[in-house]
Amino acid sequence: MKATPLSNCERRFILRAVEERKRLDGRQCYDYRNVRISFGADYGCCIVELGKTRVLAQVSCELVPPKPNRPTEGILFFNLELSPMAAPGFEPGRQTDLLVKLNRLIERCLRNSKCIDTESLCVVAGEKVWQIRLDLHLLNHDGNIIDAASIAGIVALCHFRRPDVSVQGEEVTVYTPEERDPVPLSIHHMPICVSFAFFQQGTYLLVDPSEREERVMDGVLVIAMNKHREICTMQSSGGIMLIKDQVLRCSKITAVKVAEITELIQKALENDQKVRKEGGKFGFAESIPNQKITAFKMESAAVDTNHVEEQAEEIITKADPPSEAFAKPILHTPGTAQIGEGIENCWGDLEESDREEAVEEEDESEATALECQKMETEDTMKETKKDEPIVLSDSEEEEVVILEPQELPKKTRARTNSKQENTSKKAFNKRRKKKRAAH
Amino acid sequence: AGGGATGVAGGAYWVDSQQKRYVPVKGDHVIGIVTAKAGDVFKLDVGGSEQASLSYLAFEGATKRNRPNVQVGDLIYGQFLVANKDMEPEMVCIDSSGRSSGMGIIGQDGFLFKVSLGLIRKLLAPKCEIIQELSQLYPFELVLGMNGRIWVKAKTVQQTLIIVNILEACEYMTAEQRKQALAKLSGN
């Protein structure tokens, strides 16, 4: 699908607003949107919401042989996916520049900064190591994917617990979570990316750009830093020329923001830990808001139930009694019965409906053959009725065709005699076999 | 969804629904964004599955010599002449008598944003309280497109932003909350 184009008036308005130091949602230039972290039921699963941008992170592990040139280190694998539900412009399976750029940034931020101790992931040197895989999915795109993704990644890695392993000689035992508590990963520090959007050739800068601000910006600078003020990675894209002062200013702002966000992450991790220990409820289901007011909320209307019973009885007595149901079938011939007379055909002269009715009659007769043969022995009186033609409509084309068990279908009706009853069954079966052979 | 009987005996029911995705309907007035100029026809994005086409002659007073000044990225307020699931929708900026009656190119300033379709229908109701209360706050120009798009223009950027945020928030606010928010703003 194509992304919605940005109109000229939106572009002009956002640029004017930036010049007046105003943002669309009322933030200040250096303000972040609300960061919300929620954990899933499994260890290593979390969703981070940065305003309306949502990223889901999941960490998983597996025992694999190590890389040949690094026999004592575990393996880290990072993958970011832009789900088509995040924005109309994202299509599955198509490698866009944005996707490549984001993946590279995540790799540099988390792998090259050596925030995870890979030596501790080694189980048997040269044979078995843990492969830790981090999958990030973008669920909604409202700007600044990289910040949300880096927060989600590091939070999921901190939250994750891998199974405990013990090595005795050559034997490796992997304990299930029930046998021994799973062990957290060994994480040295938490690098977090902060994005700066530049406008008007670097004159104005905004922290944490939203989706519309991103569309209008000249370029972006991403700085990944941890709370110890160590820069882990830096990337400038969009071809903007930045002065040394601006970069230094951005790094100072980053230090402040990273400190705040790291505190938030610690609190969230502690909370989740506490809830799990106390046996409370945790998981995504708990963090979804249940009640939301929409524009269509209406006051519940009071219903007057004072005289409901009397009104109901009135209605029942005034209503017509239901018509009697006719349960007795009318027997035409052995093998064909009719229940009720049917209503008049009001479809007009449609040839198709006539053909359909004739076909239906044939099908019905075969099915009810065996049943009706029992009834014919009881109701001999009803034979007299079949002499009267049953008129269902005025149409001459429409005729009720009743199949004879012994003869091929004729246009006229025939009588049945009690003599024919005994032979009818045999003849019927013979005819059935003939029909099957024909097919 | 919800329902309410329209007073008239014989029970006509209006079933309201909550959705954000627009499906073009003949006769609807919408705001479109010009994406391409292909010869005599403009292609507009209206938020549906197909782009709508708009002929350059479908403006008031347009002739072959006197063409409307439409650029890519402009906003157009028009109505659907043809809109069904088998063909691409067609828009026009004049009504059946040839007058524009408010349709055409929307001015250069102002801001465009998107809300749910239900909120638009609520705002277009004859005596909408939200619009009345807002108009007491600041003077502003407003164009509502049935495809969920709203264009607002007020005197300053700040005022425009305030109106945009209130309209977006009206989706989830009750009447009392809205009155409180507006009282705070007019007090400032």
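Residues numbered from 1 in each chain as written. Chains lettered and ligands numbered in written order. Predicted model: local features only at pLDDT ≥ 70, side-chain atom pairs only at ≥ 80, totals over all residues. Heavy atoms only, no water.

Listed per partner, the contact involves 33 residues of chain B and 24 residues of chain A. Both sides of the chain B and chain A interface together cover about 2,300 Å² of buried area, and 62% of this is carbon and sulfur. By the criterion of area lost to chain A, the three top residues of chain B are Phe-111, Val-157 and Tyr-172 of chain B, representing 25% of everything that side buries. On inspection of chain B and its partner chain A, the count reaches one salt bridge. For Asp-109 of chain B, the salt bridge goes to Arg-16 of chain A, with nearest N and O atoms at 3.7 Å. (Contact = heavy atoms within 4.5 Å. Buried area = accessible area lost by both parts, 1.4 Å probe. Salt bridge = Lys/Arg side-chain N within 4 Å of Asp/Glu carboxyl O.)

As annotated in UniProt, the feature "domain: Exoribonuclease phosphorolytic" (unreviewed entry) corresponds to residues 32–163 and 189–253 of chain A in the numbering used here. Helix makes up 25% of residues 189–253 of chain A and strand makes up 40%, while its end C-alpha atoms are separated by 19 Å. (UniProt positions renumbered as here; feature names shortened; annotations may be inferred. Helix = DSSP H or I, 4+ residues; strand = E, 2+ residues; numbered from the N terminus.)

Turning our eyes to something else, we now look at the nonpolar core. Formed by 71 residues in total, the largest nonpolar core has its most connected members in Leu-110, Leu-134, Leu-136, Phe-196 and Ile-265 of chain A. The element best represented in this core is helix H3 (residues 145–159) of chain A, accounting for eleven residues. In contact with Ile-265 of chain A, not counting residues within four places along its chain, are Ile-37, Ile-151, Ile-154, Val-155, Met-190 and Ile-192 of chain A. Among the nonpolar cores identified, the runner-up in size contains 37 residues, and Ile-14 of chain A together with Val-115, Ile-150 and Cys-170 of chain B belong to it. (Core = buried A, V, L, I, M, F, W, Y, C linked by side-chain atoms within 4.5 Å. Buried < 20%, exposed > 50% of the residue type's maximum accessible area, 1.4 Å probe, protein only.)

Here we take up the confidence of the model for chain B. Residues and elements named next belong to chain B. For chain B, mean pLDDT is 87; residues scoring 70 or higher make up 94% of the total. Note that pLDDT drops below 50 for residues 1–6; the model gives that stretch 13 contacts with residues more than four away or on any other chain. Among the scores for the predicted complex, ipTM is 0.90 and pTM is 0.72. (pLDDT = per-residue confidence, 0-100.)

The positions UniProt marks with the feature "domain: K Homology" (unreviewed entry) are residues 110–158 of chain B. A distance of 11 Å separates the end C-alpha atoms of residues 110–158 of chain B, which is 37% helix and 31% strand.

Let's shift gears to the sheet that holds strand E14 (residues 231–237) of chain A. Residue and element names in this part refer to chain A. Spatial strand order, E12-E11-E13-E14: four strands in an open sheet with antiparallel pairing. At either end of the open sheet lies a strand with only one pairing partner, and these are strand E12 (204–207) and E14. Averaged over all adjacent pairs, the angle separating strand axes in this sheet is 20 degrees, with direction ignored. Bridge count for strand E11 (residues 192–199) against E12 is four bridges, and the pairing is antiparallel. Paired with Phe-196 across the strands is Val-207, a residue of E12. Here helix H2 (residues 97–112) sits on the sheet and contacts E11, strand E13 (219–225) and E14; the angle it forms with E14, its principal contact strand, is near 160 degrees. (Pairing = 2+ DSSP bridges. Axes fitted to C-alpha atoms, helices over the stretch in contact; angles between N-to-C directions.)

Here the phi dihedral of Lys-114 of chain A falls at roughly 55 degrees; this positive angle occurs in a residue that is not glycine. Turning to its location among the elements, Lys-114 of chain A is positioned in the loop between H2 and strand E5 (122–124). Residue Lys-114 of chain A is classed as exposed on the basis of its relative accessible area, which comes to 60%. Unusually for a residue other than glycine, Ser-101 of chain B sits at a positive phi of about 40 degrees. When you line up the elements, Ser-101 of chain B lands in the loop between strand E7 (90–92) and strand E8 (104–105).

This part takes up the state of the cysteines. Where two cysteines share a covalent bond between their sulfur atoms, that bond is called a disulfide. Residues and elements named next belong to chain A. The final tally for this structure, using the stated rule, is zero disulfides over all chains. Between Cys-193, a cysteine without a disulfide, and Cys-109, which holds the nearest cysteine sulfur, the sulfur-to-sulfur distance is 3.8 Å. We note that Cys-250 lacks a disulfide partner, and the nearest cysteine sulfur, in Cys-29, lies 12 Å from it. On the accessibility criterion, Cys-250 (0% relative accessible area) is buried. (Disulfide = S-S within 2.5 Å.)

Time to look at the packing of helix H1 (residues 8–19) of chain A against helix H3 (residues 157–169) of chain B. The geometry of H1 of chain A relative to H3 of chain B is characterised by a closest axis approach of 10 Å and an angle of 115 degrees between their N-to-C directions. Crossing handedness for the pair H1 of chain A and H3 of chain B: left-handed. Contacts from Phe-13, Arg-16 and Ala-17 of chain A in H1 of chain A reach Val-157, Thr-160 and Leu-161 of chain B in H3 of chain B. Classifying every residue of the contact of H1 of chain A with H3 of chain B gives four nonpolar, one polar and one charged. (Left-handed = near helix turned anticlockwise from the far one by under 90°. Nonpolar A, V, L, I, M, F, W, Y, C, P; charged D, E, K, R; others polar.)

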